[in-house]
Amino acid sequence: QVQLVESGGGLVQPGGSLRLSCTASGSIGSIIAMGWYRQAPGKQRELVASISSGEITSFADSVKGRFTISRDNGKNAVYLQMNSLKPEDTAVYYCNLVFSRSSSTRANYWGQGTQVTVSS
């Protein structure tokens, strides 16, 4: 059983900042990547940012220069620092974890989602 627990969402004014946290627990193999996705009403879920086991990061073009992602390997945690938030960043943000179950199998888990609302 693997569980992802997210925190840090909320309501913020345009230009403000939020920090999302996600901690994974349970029977976790070798982590391949952790990341954050988001889904706005009426839209598909999209990748916001990810960080690999080798600390390689990837960002959606819409958040480059505003968001940063980091990991704490000891805690199986991933963080998303969101600065200069815009109304279009409003969405439910989901934590994602990918790890190896075996030499040929990967496991993919999602958090329950945390709401981020950017509004004046």
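Residues numbered from 1 in each chain as written. Predicted model: local features only at pLDDT ≥ 70, side-chain atom pairs only at ≥ 80, totals over all residues. Heavy atoms only, no water.

Q: Tell me about the environment of E46, residues and numbers included.
A: Within the secondary structure, E46 is located in strand β5 (residues 46-52). Residue classification places E46 among the partly exposed residues on the basis of a relative accessible area of 35%. The sequence separation of E46 and Y93 amounts to 47 residues, and the corresponding C-alpha distance is 9.5 Å. Discounting residues that sit within four places of it in the chain, E46 has contacts with Y37 and R38. A distance of 2.7 Å separates a polar atom in the side chain of E46 from a polar atom in the side chain of R38. (Helix = DSSP H or I, 4+ residues; strand = E, 2+ residues; numbered from the N terminus. Buried < 20%, exposed > 50% of the residue type's maximum accessible area, 1.4 Å probe, protein only. Contact = heavy atoms within 4.5 Å. Polar contact = N/O pair within 3.5 Å; in protein donor to acceptor, adjacent residues only side chain to side chain.)

Q: Any details on the nonpolar core? Residues and values, ideally.
A: If you look at the biggest cluster of nonpolar residues, it comprises 30 residues, and the most contacted ones within it are W36, L80, M82 and Y93. Looking at this core, the elements with two or more residues in it are β1 (2-7), β3 (18-26), β4 (30-39), β5, β7 (67-72), β8 (77-82), β9 (91-100) and β11 (114-118). The greatest single-element share of this core, amounting to five residues, is contributed by β9. Non-local contacts of L80, meaning those with residues more than four positions away in its chain, are made with L18, R19, L20, W36, V48, A49, F67, T68, I69 and Y93. (Core = buried A, V, L, I, M, F, W, Y, C linked by side-chain atoms within 4.5 Å.)

Q: Go over the sheet that holds β1, please, and point to the residues and values.
A: The strands making up a sheet associate through backbone hydrogen bonding, with each pair oriented either parallel or antiparallel. The strand order across the open sheet formed by four strands is β1-β3-β8-β7, and the pairing between neighbours is antiparallel. Bordering the open sheet on either side are β1 and β7, each of which pairs with just one other strand. On average, adjacent strands in this sheet sit at an angle of 15° to one another, irrespective of strand direction. Strand direction decides the pairing type here: β7 and β8, joined by six bridges, are antiparallel. Residue pairing across strands places T68 opposite Q81, the latter belonging to β8. (Pairing = 2+ DSSP bridges. Axes fitted to C-alpha atoms, helices over the stretch in contact; angles between N-to-C directions.)

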